[in-house]
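Each chain is listed here by its residues.
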Amino acid sequence: MSTAPSGFDGCNILTFDVEEWFHANYDQINPDDYRGKGSKFREHMDVLLQMCVDAGCQATFFVLGSVGEDYPDVVRAVARAGHEISSHGYGHQLAYRQTLAEFRQDVKRSVGILEDISGKRVQGYRAPSWSIMKSNLHYLEVLEEVGLQYDASIFPVKTFLYGIPDAPTEIHHPRINGRELKLWEIPTSVTKILGKNMGYSGGFYFRLFPRFFIERAIRAANKKGESAVVYLHPREIDSSERHLDLPLKESFIHYYNVGANRAKLADILRHYRFTSIARRLQNFTAV
């Protein structure tokens, strides 16, 4: 891992993983069973875009290639609004369950779809469910090979589904097999709780922790010259969206406190500055 200058300008990073309500990586869930059978996706995206307008901020939207195919008008609207379009893969398959060849094909397919729709170059990638782990860390070389500028797939925690708990927590160039990549890594934000890394700035963690805790962690990151990376999914702002039939633990993780999330996000956006990953990286390359 190389040390990069922070180039911190007071802006945090706002990201959205753009997928449907049924995209989840559980063995009993097949997204194809639900695709095209109704959702409030367009409404959710309209809300997120308006929240960005209200906050005067830009964001990075990590879009599934399949969602681009189903909603090309939404992808164009995001691009017209000045936001960054990046890849979330094609169909929300876990990267560590793909062969290297399958991963390469999946990334290239999604990037091609999104670039054709948006008319803009795709610079970044985030794996579904943070599925770049130690076992497939070398997959990052593929992202560099296909011309991407950054990855945002590594979560420096350990859960039953994902995580590299000892991964660097700052933006950096990762080293693979002794070689430092030109690719930037944008790790997901963590804070320390009882000596262990814990997420706080997105998904279940954003819904679980009270606003004062999230704000304290954002301020602590900013004080160190680091940007907090906020991430949410469109379904996480609307408790009336359809629900998957999941076991108790998975259902709790997936849906806890969704009803309060929209107001919490709006409040965070009002009190802190946010920008896209591409804009944030401009400060690094300029230093």
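We now turn to the structure provided with this report. Please read all numbers here as calculations on a predicted model, not as lab measurements. (Residues numbered from 1 in each chain as written. Predicted model: local features only at pLDDT ≥ 70, side-chain atom pairs only at ≥ 80, totals over all residues. Heavy atoms only, no water.)

**Describing the state of the cysteines**
As a reminder, the rule being used: In this description, a disulfide is simply a cysteine sulfur pair whose atoms lie within 2.5 Å.
In the structure shown here, the tally under the stated rule is 0 disulfides. No disulfide involves Cys52; its sulfur sits 4.2 Å from that of Cys57, the nearest cysteine.

**So, the pairing of strand 1 (residues 11-18)**
Put simply, side chains in a regular strand alternate between the two faces of the sheet. Defined as follows: Burial classes: relative accessible area under 20% of the type maximum marks a residue as buried, over 50% as exposed, and values in between as partly exposed (1.4 Å probe, protein chains only). Every helix listed is a DSSP run of H or I at least four residues long, and every strand listed is a run of E at least two residues long, numbered separately from the N terminus. Between any two strands, pairing holds if DSSP finds at least two bridges. Handedness is read with the strands pointing away from the viewer; a crossover is right-handed when the path from the first strand over the helix to the second is clockwise.
Counted residue by residue, strand 1 has 8 buried out of 8 residues, so it is predominantly covered. Side chains of strand 1 alternate between two faces, with Cys11, Ile13, Thr15 and Asp17 and Asn12, Leu14, Phe16 and Val18 buried alike. Pairing of strand 1 with strand 12 (residues 273-275) involves 3 bridges; the strand directions are parallel. Opposite Cys11, over in strand 12, you have Arg273 as the bridge partner. Considered for its hand, the β-α-β crossover made up of strand 1, helix 1 (residues 41-55) and strand 2 (residues 60-63) is right-handed.

**Focus: the layout of surface pockets**
Basically, it comes down to this: Using protein atoms alone on a 1 Å grid, points that fit a 1.4 Å probe yet trap it form a cavity, whereas open point sets bounded by protein on both sides within 12 Å along at least five of seven lines form a pocket; residues with an atom within 4 Å of a point count as lining. Grid points are joined across faces, edges and corners, and a volume is the space filled by probe spheres set on the points. Residues are grouped as follows: Ala, Val, Leu, Ile, Met, Phe, Trp, Tyr, Cys and Pro are nonpolar; Asp, Glu, Lys and Arg are charged; every other residue, Gly included, is polar.
Space inside the largest pocket adds up to approximately 480 Å³. Tyr26, Trp130, Leu161, Tyr162 and Ile253 are, among the 28 residues lining the largest pocket, the residues nearest its centre. Elements that contribute at least two residues to the lining of the largest pocket include exactly helix 6 (203-208) and helix 8 (248-255). Tallying contributions element by element places helix 6 first for the lining of the largest pocket, with 4 residues. Counted by class, the lining of the largest pocket contains 12 nonpolar, 9 polar and 7 charged residues.

**Regarding the pattern of salt bridges**
Side chains that differ in sign of charge can pair as their charged atoms come close. Quick reminder of the rule: Each reported salt bridge corresponds to a side-chain nitrogen of Lys or Arg within 4 Å of a carboxyl oxygen of Asp or Glu.
This model, assessed by the stated rule, comprises 16 salt bridges. Ionic pairing is found between Glu69 and Arg35, a salt bridge with its closest N-O pair at 3.1 Å. Remark: Arg35 occurs in the loop between strand 1 and helix 1 and Glu69 occurs in helix 2 (residues 65-70); sequence separation between them is 34 residues. Of the charged contacts, one joins Glu141 and Arg179 as a salt bridge, the two residues approaching to 3.7 Å between their closest N and O atoms. With Glu141 in helix 5 (residues 140-145) and Arg179 in strand 7 (residues 179-180), the pair connects residues that are 38 residues apart, well separated along the chain. A relative accessible area of 38% places Arg179 in the partly exposed class.

**Thoughts on empty space enclosed by the protein**
By rolling a water-sized probe across the atoms, one finds the places where empty space is left. The final tally for this structure, using the stated rule, is 3 cavities of 30 Å³ or more. When its volume is computed, the largest cavity comes out at roughly 40 Å³. What lines the largest cavity is Arg235, Asp238, Ser239, Glu241, Arg242, His243, Tyr255 and Val258. Taken together, the residues of the lining of the largest cavity break down into 2 nonpolar, 2 polar and 4 charged.

**Here we look at a nonpolar patch on the surface**
Worth spelling out the cut-off: The patches reported here contain residues having more than 30% relative accessible area and no salt bridge. Joining distances are 9 Å for like charges and 5 Å for nonpolar side chains (Val, Leu, Ile, Met, Phe, Trp, Tyr). Under the convention used here, a 1.4 Å probe and the Shrake-Rupley method define accessible areas, while residue burial counts only the protein chains that appear.
On the surface, a nonpolar cluster with roughly 250 Å² of combined accessible area is contributed by Leu208, Phe252 and Tyr256. Position of Leu208 among the secondary structure elements: in helix 6. Since its relative accessible area comes to 33%, Leu208 is described here as partly exposed.

**What to know about the nonpolar core**
Put simply, the rule is: The criterion is simple. A nonpolar core is a set of buried Ala, Val, Leu, Ile, Met, Phe, Trp, Tyr and Cys residues joined through side-chain atoms within 4.5 Å. Two residues form a contact once any of their heavy atoms are found within 4.5 Å.
The biggest cluster of nonpolar side chains holds 71 residues, and the ones touching the most others in it are Leu14, Phe16, Phe61, Phe103, Tyr200 and Leu265. In terms of residue count, helix 1 provides more of this core than any other element does, 7 residues in total. When residues no more than four places from it in sequence are discounted, the contact partners of Tyr200 are Ser189, Val190, Thr191, Tyr205, Phe206, Phe209, Phe213, Ile214, Ala217, Ile218, Ala221 and Ala228. Counting residues in each nonpolar core, the second largest holds 10 residues, with Phe62, Trp184, Val229 and Ile277 among its members.

**Regarding helix 9 (residues 261-271)**
Taken together, the buried positions of helix 9 are occupied by Asn261, Lys264, Leu265, Asp267, Ile268 and Leu269. At its buried positions, helix 9 is contacted by strand 1, helix 1, helix 6, helix 7 (211-223), strand 11 (229-232) and strand 12.

**Describing the packing of aromatic side chains**
How two aromatic rings sit relative to each other is given by the distance of their centres and the angle of their planes. This is how the line gets drawn: By convention, a stacked pair of Phe, Tyr or Trp rings (six-membered ring in the case of Trp) has centres within 6.5 Å and planes under 30 degrees apart, an edge-to-face pair has planes over 60 apart, and any other such pair is tilted. In this scheme, the term charge over a ring applies when either NZ of a lysine or CZ of an arginine sits within 6 Å of the ring centre and within 35 degrees of the ring normal.
Within this structure, the stated rule accounts for 17 aromatic pairs. When the centroid spacing of 5.5 Å and the interplanar angle of 85 degrees are considered together, the rings of Trp21 and Phe22 count as edge-to-face. When the centroid spacing of 5.2 Å and the interplanar angle of 75 degrees are considered together, the rings of Trp130 and Phe155 count as edge-to-face. With Trp130 in the loop between strand 4 (124-125) and helix 5 and Phe155 in the loop between strand 5 (150-151) and strand 6 (175-176), this residue pair connects regions lying 25 residues apart in the sequence. Considered together, Trp130 and Phe155 belong to a single accessibility category, that of buried residues. An aromatic cluster of three or more residues is present, and its members are Trp130, Phe155, Tyr162, Phe204, Tyr205, Tyr231, Phe252 and Tyr256. The ring centre of Tyr90 lies 3.5 Å from the NZ or CZ of Arg109, which sits over that ring.

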